[in-house]
Amino acid sequence: MVGPNGVGKSTLLRALAGQVTPDAGRVDLAPPTANVGLLPQEPDRNPGETLRAFLARRTGVAAAQAELDAATEALALGMSGVSGTSGASGTSGAPGMSGVDDRYSVALERWLAIGAADLDARAEEVCADLGLPAGALDSPTTALSGGQAARGSLAGVLLSRFDITLLDEPTNDLDFDGLERLERFVQGVPGALVVVSHDREFLDRTIDTVAELDPHRHGLTLFAGGWTAYLQAREVARRQARERYEEYAGQRADLVAQAQRQREQAVRGSVRAKRRMPDGDRAAKGARIEAATKSAARVRSIESRIDRLAEVEEPRKEWQLRMSIAAAPRSGDVVATLTGAVVARSGFTLGPVDLTIAWADRVVITGPNGGGKTTMLGALLGRIPLARGHQALGSGVRLGEIDQARGLFRGEATALAVAERATSWPAGEVRTLFAKFGLGPDQVTRPAASLSPGERTRAGLALLQAVGVNCLVLDEPTNHLDLPAIDQLEQALAGYAGTLLLVTHDRRMLDTVAVTRRLHVNGGLVTEKPLVTEKPL
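The name given to the chain in an unreviewed UniProt entry is ABC transporter related, with Frankia casuarinae as the source organism.

This is the structure in structure tokens:
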């Protein structure tokens, strides 16, 4: 399922999962007992909840266990209230017992189908395979590092056993190994699957149908075939729609022009006849009336043809993001350095790292989840204190940053207020800027934390267009972004002349964005790798 940010993809998934009640119409399941599981794009890590409990909740096992416990209790209470013996058929003679039996039977069947019986054993195996440390299952999810949390979320997907699986942006924050595991899981899902994703490579490898959600009519159009086939079919459909409208508009314009000419000719003929007609000439008067009658009939005939034309609605011109990155004067030759730098935090150690970033370096940073990429960036920019070693920013460095958590737009302040502080622009200019990025009055005047993940990313990109930068730091910038915005970001990066530090596992972006260096961060060690042209997978 694809469509621009804010069009309603996540809402539609929640409706399919029964978490949102439609204002009109209904959602039908066949069979009604089918297990539907939604794994949302932003996993909610509850305070005090262990990873084991998180996985039970995400896989639907917790809900299935609660229903089975309730059904078992109801059955036990019903059994304890039975007086007399069972009938010949072997069923209880207590009133209402058949309903209790049915509830227990359905609950048990669901509990088994969803994989509750062996979840713990499977969770131990999957988490170990994903590289999560021993004991992680009994650790609070809020204590996990960003990389560990990403692996925990992936475990929730890999452990799920739904009849209908709904995945909302499942590729976000995954490293190359995680993407490969996710693709194998999706390709092997035995039931139906609906996925919202803007990862072009992932879609090319996994899907067989595209449902496009239109932002204007809010309806779905289905395209058979994979991602590449969808792009081709969509282009053909749009071209044909434009051609149909132009043919209709051309025919209508010709008929309208004919009717207008006919009216004008009738008026001119009437004027000429009046000038030439002798007073009291009844024959001439009759001829004029007859000509006027014929002219009016021809006009009515043309108007009737106009009315019979099958109206074709003009295709809407798609709103297009036009993104650029505001440039600041160049910095010094050295942008940032780490010398013997070590970061020690929460049992993880980065370094020692010796690294120099020069002006106009275009550096891509890759590595597994939890390897230390974000920590290294924080240390390089002076955001994370060093246990030992030295860090420095060069002269004249003007940073522009999209962090992985989109932290700038997480608080209770409105997006408008956040941008006013960041840019020192008046509110009217900030509103205009946000409008260019598809963020209207409703989005910019409510708490920034209530924005969707895609809207928060767009807001961050808008600031890059407003405030001049010469060192651009992007940590997984394509997470939550729709495809037009990703295309625009890639084009903006192509025209950006400053220093670039890019953390991404978007395989198409790695193919598209030109870089001069590649750093690999794994286990707290930073190594420089040769540039390669082949795809990571």
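Chemist: Just to check I follow, could you spell out the sheet that holds strand E10 (residues 399-402) for this structure?
Modeler: Whenever strands of a sheet pair, they do so through backbone hydrogen bonds, lying parallel or antiparallel. The 6 strands are arranged E10-E11-E12-E8-E13-E14 in an open sheet whose pairing can be described as mixed. Pairing within the sheet leaves two strands with one partner each, and these edge strands are E10 and strand E14 (525-529). For this sheet, the mean inter-axis angle between neighbouring strands, taken without regard to orientation, is 15 degrees. Taken together, the 5 bridges between strand E13 (residues 517-522) and E14 define a ladder with antiparallel strand orientation. Directly across from His520, in E14, lies its bridge partner Thr527.

Chemist: Help me understand unusual backbone geometry in this model?
Modeler: Keep in mind that most residues, glycine aside, have a negative phi and that most peptide bonds are trans. Following Ala30, the chain continues to Pro31 via a peptide bond in cis, the omega torsion being -5 degrees. Relative to the helices and strands, Pro31 is located in the loop between helix H1 (9-16) and strand E1 (36-39). Gly351 connects to Pro352 through a cis peptide bond whose omega is 5 degrees. Relative to the elements of secondary structure, Pro352 occurs in strand E7 (residues 348-358). Even without glycine at this site, Glu169 takes up a positive phi of about 50 degrees. Locating Glu169 in the fold gives a position in the loop between strand E2 (164-168) and helix H7 (176-188). Classification of Glu169 by relative accessible area gives buried; the value is 6%. Non-glycine residue Ala360 carries a positive phi angle of around 70 degrees.

Chemist: Please clarify how the packing of aromatic side chains should be interpreted in this entry.
Modeler: Centre-to-centre distance and the angle between the planes together describe a pair of aromatic rings. The final tally for this structure, using the stated rule, is 3 aromatic pairs. On the basis of an interplanar angle of 75 degrees and a centroid distance of 5.1 Å, the ring pair of Phe223 and Tyr230 is categorised as edge-to-face. For the pair formed by Phe223 and Tyr230, the shared burial category is buried. Every member of this aromatic cluster is reached through a ring pair, and the members are Phe223, Trp227 and Tyr230.

Chemist: Would you explain the sheet that holds E1 in this entry?
Modeler: Read across the sheet, 3 strands follow the order E1-E2-E3 without closing on themselves; strand pairing throughout is parallel. Only two strands of the sheet have a single partner each, and these edge strands are E1 and strand E3 (192-196). When strand polarity is set aside, the average angle formed by the axes of neighbouring strands in this sheet is 10 degrees. Sitting on the sheet, H1 is in contact with E1, E2 and E3, with an inclination near 155 degrees to E2.

Chemist: Sorry if this is basic, but what is going on with the pattern of salt bridges here?
Modeler: Two side chains with opposite charge may pair up if their charged atoms get near one another. Scanning the model with the defined rule gives 28 salt bridges in all. Where Arg103 meets Glu67, a salt bridge forms, and the shortest distance between an N and an O atom there is 3.0 Å. Placement of Arg103 in helix H4 (residues 97-113) and of Glu67 in helix H3 (residues 61-80) is noted, with a sequence separation of 36 residues between them. A salt bridge links Asp361 to Arg517; its shortest N-O distance comes to 2.9 Å. Taken as a pair, Asp361 in the loop between E7 and strand E8 (362-366) and Arg517 in strand E13 lie far apart in primary sequence, 156 residues in all. Taken as a pair, Asp361 and Arg517 share a single burial class, namely buried. What you see here is one network of salt bridges that share partners, running through Glu183, Asp199, Glu201, Asp204, Arg205, Arg507 and Arg508.

Scoring rules and cut-offs
- Residues numbered from 1 in each chain as written.
- Predicted model: local features only at pLDDT ≥ 70, side-chain atom pairs only at ≥ 80, totals over all residues.
- Heavy atoms only, no water.
- Pairing = 2+ DSSP bridges.
- Helix = DSSP H or I, 4+ residues; strand = E, 2+ residues; numbered from the N terminus.
- Axes fitted to C-alpha atoms, helices over the stretch in contact; angles between N-to-C directions.
- Buried < 20%, exposed > 50% of the residue type's maximum accessible area, 1.4 Å probe, protein only.
- Phe/Tyr/Trp six-rings, centres within 6.5 Å; stacked < 30°, edge-to-face > 60°.
- Contact = heavy atoms within 4.5 Å.
- Salt bridge = Lys/Arg side-chain N within 4 Å of Asp/Glu carboxyl O.

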